[in-house]
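In case you want the letters, here they are:
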Amino acid sequence: MKESLLSGIDRIELMHTFVRIVESGSLSAAALRLSTTQPTISRRLQSLERLLGVKLLQRTTHVMKLTDDGERCFAHAQELVERWQAIEDDLRGAAEEPKGVLRVLVPHAFGQDQMIAPLQDYLQRYPKMTIEWMLSDRRPDFIAEGIDCAVHVGALTDPSVVALLVAEVPRIVVAAPALLDNASDIDQPAALAELPWVALSTFYRQEVVLNSEQGNTQRIDIRPQLLTDSLYALRNSVLAGMGVGIASSWAVKEDIEQGRLRHLCPDWHAAPLPVYLVYPYARFYPAKLRQFLALMREVLPVIGGTQRPAK
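Cut-offs and rules
- Residues numbered from 1 in each chain as written.
- Predicted model: local features only at pLDDT ≥ 70, side-chain atom pairs only at ≥ 80, totals over all residues.
- Heavy atoms only, no water.
- UniProt positions renumbered as here; feature names shortened; annotations may be inferred.
- Helix = DSSP H or I, 4+ residues; strand = E, 2+ residues; numbered from the N terminus.
- Rg over C-alpha atoms; globule rule 2.2 N^0.38 Å.
- Buried < 20%, exposed > 50% of the residue type's maximum accessible area, 1.4 Å probe, protein only.
- Contact = heavy atoms within 4.5 Å.
- Areas by Shrake-Rupley, 256 points an atom, 1.4 Å probe, with all protein chains shown as cover.
- Lys, Arg positive; Asp, Glu negative; His and termini not counted.
- Charge placed at Lys NZ, Arg CZ, Asp CG, Glu CD.
- Domains from an automatic or database assignment.
- Buried area = accessible area lost by both parts, 1.4 Å probe.
- Salt bridge = Lys/Arg side-chain N within 4 Å of Asp/Glu carboxyl O.
- Polar contact = N/O pair within 3.5 Å; in protein donor to acceptor, adjacent residues only side chain to side chain.
- Nonpolar A, V, L, I, M, F, W, Y, C, P; charged D, E, K, R; others polar.
- Phe/Tyr/Trp six-rings, centres within 6.5 Å; stacked < 30°, edge-to-face > 60°.

By the naming in an unreviewed UniProt entry, the chain goes by Putative transcriptional regulator, LysR family and is assigned to Erwinia billingiae. Regarding the chain, the relevant UniProt record gives this comment under Sequence similarities (unreviewed entry): "Belongs to the LysR transcriptional regulatory family."

K.L.:
Can you help me understand the overall build of the chain in this one?
P.N.:
Along the chain, the regular secondary structure elements total 11 helices and 13 strands. Radius of gyration (C-alpha) of the chain: 25 Å, far over the 19 Å computed for a compact globule of 311 residues. Taking the principal axes of the C-alpha coordinates as reference, the chain spans close to 85 × 45 × 30 Å. A buried classification covers 44% of the 311 residues belonging to the chain. Counted over contacts in the chain with a minimum sequence separation of 6, partners at least 24 positions apart contribute 73%. Summed over its atoms, the accessible surface of the chain is roughly 16600 Å², and 50% of this surface lies on carbon and sulfur atoms. Of the side chains in the chain, 33 bear a positive and 37 a negative charge, and the two mean positions are spaced by 7 Å.

K.L.:
Would you take a moment to explain the domain arrangement of the chain for this structure?
P.N.:
Interface size is often expressed as the accessible area that is lost when the parts come together. Annotation of the chain at the domain level lists domain 1 (11-92), domain 2 (100-168 + 274-300) and domain 3 (169-272). Using only C-alpha atoms to locate each centre, domain 2 and domain 3 end up separated by 29 Å. Counting from both sides, the interface comprises 11 residues of domain 2 and, opposite them, 8 residues of domain 3. Surface buried jointly by domain 2 and domain 3 totals about 770 Å² across both partners, of which 66% is contributed by carbon and sulfur atoms. Contact with domain 3 buries area across many residues of domain 2, yet Ala 109, Gln 114 and Glu 168 alone supply 49% of it, more than any other trio. Viewed at the interface, domain 3 and domain 2 are joined by 0 salt bridges. Taken together, domain 2 and domain 3 are joined by 1 residue pair in polar contact (both at pLDDT 80 or more). Breaking the side of domain 2 that touches domain 3 down by element, the ones donating at least two residues are helix H5 (108-112) and strand E13 (268-280). Here the side of domain 2 that touches domain 3 takes 3 residues from H5, the largest share from any one element. Of the residues that constitute the side of domain 2 that touches domain 3, the class distribution is 5 nonpolar, 3 polar and 3 charged.

K.L.:
Please explain the pattern of salt bridges as it appears in this structure.
P.N.:
A side chain with one charge can pair with a side chain of the opposite charge if their charged atoms come near. By the definition in use, this model includes 11 salt bridges. As a salt-bridge pair, Glu 145 and Arg 138 come within 2.8 Å of each other at their nearest N and O atoms. According to the relative accessible area criterion, Glu 145 is partly exposed, its value standing at 26%. Each member of the salt-bridge network shares a partner with another, and the members are Arg 235, Asp 255 and Arg 260.

K.L.:
Looking at this model, I keep getting lost on the packing of aromatic side chains. Mind explaining?
P.N.:
Each aromatic ring pair is specified by the distance between its two centres and by the angle formed by the two planes. For the structure shown, the criterion picks out 6 aromatic pairs. With 5.3 Å between their ring centres and 90° between their planes, Tyr 279 and Tyr 285 make a pair best called edge-to-face. For Tyr 279, a relative accessible area of 10% corresponds to the buried category. Here the aromatic residues Tyr 122, Tyr 126 and Phe 292 are joined through ring pairs into a cluster of three or more.

Structure representation (C-alpha cells):
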C-alpha cells in the first residue's frame, strides 16, 4: 500500500495535521492554521487513519468528536510533535535565524502606536519572519485560534496561561479647557464628582479610584454620559468637551502639551495598568516565539508611555 511507503517526516506531518484538527475544532479551521485547503487536510486525516488502521474522528454535519482510539492518538501525537520540534530546534542551534509566521494579539490602541517600533525592530532583526498583528482587546483562545502569544493590558487572572508582567501604563485625569469654562486648575479629586464624565468601560464605569503621591486614596462616584471600550474614542470624546476622562498618559501627552487638554489633579493618578506577555503552556517554544518574547521583555518597560512594574 502507498501508506506503507510513508517516510518518518510524512508521518510527523500527518500527526501534526491531526493535532491541529483537534485543537482547531474543524477541518476548515485546521486548514486555515496550516495555510492549506480543507481537501488537503481531509486527505491527510484519511491517510493517517489508514496508516494506523483505526478511526480517529466521528464526523457529522455539525459535530466532530474523537473516538477512543482518537483520544489515545491525540495524546501521543501532541507529545510526538512537541518532541520533534524540540529536536529540530536543538540540532539547528539556538543561533538559527527565526523564520515563519508568528500570530500575535495586541490591544487596539497600544498595538497601533506604542508597539509599532518594537515590532519593526523584531522584523529588522529577523527578516525571514512574518508577523500577523491582530488588534483586539479580548482574551484569545490560543489553541483554537492558533495564536502564539498576546500582549494584554489590564488585570489578568487566568491560571491556564503563562502571564509575564513586563510593564505598567500610567493613567491620569484629563478634560478639555472648554468643559471647565476657564475655571482655575482642579487639583482636588472631590471637585471631579460635579463634572460630566466619559468612562473607559473596560476599566471603570460608575466609580473611579485615585491615588496621591503621598499614598492616599480617594473614591469618586461618577455618572458617565458616555461609556466606551476604546481608548481612542475616549480621548476624542474628552477632546470634544463631552466629559472628564481617565486616560493612559501616553495617549494624551501631546494634547496636554499643545493645550488641547488639561491635566486635572496632577498630584493624583489612577492605578497604572499592568502589561502582560501571555502565551499558552507548552513543553517546547519555537525560536520565533522565544526571540519575540525576549525582545518584548526588553523593550516594553522602556518604550514611551510605560514604566517598569512596581516591585
